[in-house]
Amino acid sequence: MVKIIGIAGTAKNTGKTTTTTALIEEINKRGMNIGITSIGYDGEEIDNVTGLPKPRIRLRQGTLVAISEKCLKTSSAEIKIIEKTNLITPLGKIIVGKIVEDGLVVLAGPNKSRDLKTINCILKEKNCNFIIVDGALNRLAPMVETHGIILATGAARNHDINLLARETKAIINIFELNKIDKALKDVKSIVLQTRNKGIKRLNSTSLITKETASEIINYYNQTDKVEFVYIPGIVSAEILEEFIDKTAKIIRGTTIVLTDPIKLLVSGNPIHINNLIEKVRTLGGDFAVTKNIPVLCVTINPFYPAYRFNHETYFPDYVDADMLKRTMEKYIDIPVINVVKEGAEKIFSIIKQGG
């Protein structure tokens, strides 16, 4: 089976590129055919906010890439175009190319889920047996097309190690929502079902407006107990909170079903969203998804760019790496890896075992 693995950074400078390059090297050791793309932009030489140098992405001969046309001009690797697609990005159409001479590559690829699905199919047709999708927490939506993600986080996200660990735990909790096998794959709008199997369909796809929340609440007040609310689109944390507050006395027994956890995660602060999930559970309701996206492991980076006010420049600084790992391991139950110290062999093993 072809492995399609996303690597998502929780912020800039949290170690995503370091994790990506280490994993690529580990896959290269095993002689596997790699395809790589990005749903964001990665591989640049200098951080455009801090002015500090960034780790680069160096690819070996034979690796396939799916990148925008302008990335060809900014990559030092020699890339032979083997397929031109009609997928359009702000940096031009996406091409699929083969590295014919080792070098550095700038990655920017599909930014929509359906486009990433197309790219994954093309890379599989070109005999890739390991596809890496570079991404970020604020651009997670296309990651629904992966088999699992590696979360890269670190002090650049938050210097407060305990708060960083709590947030990471919250993110993982959201990704670990229970999966249910309801036949809702082709349902394109919000659907409510009562225990007596009464069905109410709304015109809205997402829960992002007060009007949609009111429509759902009105149905609650007019009918028997609602067994589940299926929301195929994005859920706003603000509107969700209002909905929970107004249904607190009647939400018991209701499961709020989403297509995937990303629909919830993209809408706000992970700790706040996780608190809302726990509140619903306390009230006797629950959340579930129709598709799981497992978080396979967490990689950590003690580095963060600190600001010198007297010089108006950034300089590299670090939290205690061992303390960061110990604290993270205290909060979460999946492997925590410092890639710089430990390499990527353990990550590859985790993916091979079931990611």
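That block above? That's the structure.
This report concerns the structure included in the present document. The model shown is predicted, which means the values in this text are computed figures rather than measured ones.

### Description of the sheet that holds strand β15 (residues 286–289)
The mixed open sheet is built from six strands, whose spatial order is β10-β15-β14-β13-β11-β12. Looking at the sheet topology across the chains shown, the edges are occupied by β10 (178–179) and β12 (199–201). Here strand β11 (residues 191–194) pairs with β12 via three bridges, running antiparallel. Of the residues in β12, the one forming a bridge with Q193 is I199.

### Details of the nonpolar core
One finds F175, L192, I216, L240, F243 and L264 to be the most contacted residues of the largest nonpolar core, which totals 73 residues. Residues in contact with L192, not counting those within four places in the same chain, are G198, I199, K200, L202, I216, Y219, Y220, V226, F228 and V229. Core analysis: the second largest hydrophobic core is formed by 33 residues, L59, I67, L107 and V339 among them.

### Side note on the environment of N292
Considering the arrangement of structural elements, one finds N292 in the loop between β15 and β16 (295–301). Along the sequence, N292 and G148 sit 144 residues apart, while their C-alpha atoms lie 8.4 Å from each other. Once you skip the residues sitting within four places of it in the chain, N292 turns out to touch F175, L177 and K179. In this structure the side chain of N292 is engaged in a polar contact, spanning 3.3 Å, whose partner is the backbone oxygen of L177.

### Regarding the pairing of strand β18 (residues 313–318)
By the bridge criterion, six bridges tie strand β17 (residues 303–308) to β18 in an arrangement that is antiparallel. Residue pairing for β18: F303 is matched across the bridge by Y318. Counted between consecutive antiparallel strands, the loop separating β17 from β18 contains four residues, among which E312 sits at a positive phi close to 55 degrees.

### Brief notes about the sheet that holds strand β1 (residues 3–9)
The strand order across the open sheet built from nine strands is β5-β6-β4-β2-β8-β1-β9-β16-β19, with neighbouring strands paired in mixed fashion. Both edges of this open sheet fall to β5 (78–89) and β19 (336–337), since each of them pairs with a single strand only. Inspection of the sheet shows strand β2 (residues 34–38) paired to strand β4 (residues 64–68) by three bridges, in the parallel sense. Its bridge partner being in β4, G35 is matched across the sheet by L64. In the packing of helix α1 (residues 16–29) onto the sheet, contacts are made with β1, β2, β8 (130–136), β9 (148–154) and β16, and the angle to β8 comes to roughly 175 degrees.

### Things to note about α1
Along its 14 residues, α1 runs 20 Å from first to last C-alpha, staying within 8% of the 20 Å computed at 1.5 Å per residue. With respect to burial, α1 is a largely interior element, 10 of its 14 residues being buried. All of the buried residues in α1 are K16, T17, T19, T20, A22, L23, I24, E26, I27 and N28. Note on α1: the residue one or two positions beyond its end, G31, has a positive phi of about 70 degrees.

What counts and how
Residues numbered from 1 in each chain as written. Predicted model: local features only at pLDDT ≥ 70, side-chain atom pairs only at ≥ 80, totals over all residues. Heavy atoms only, no water. Pairing = 2+ DSSP bridges. Helix = DSSP H or I, 4+ residues; strand = E, 2+ residues; numbered from the N terminus. Core = buried A, V, L, I, M, F, W, Y, C linked by side-chain atoms within 4.5 Å. Buried < 20%, exposed > 50% of the residue type's maximum accessible area, 1.4 Å probe, protein only. Contact = heavy atoms within 4.5 Å. Polar contact = N/O pair within 3.5 Å; in protein donor to acceptor, adjacent residues only side chain to side chain. Axes fitted to C-alpha atoms, helices over the stretch in contact; angles between N-to-C directions. Expected span 1.5 Å × (residues − 1).

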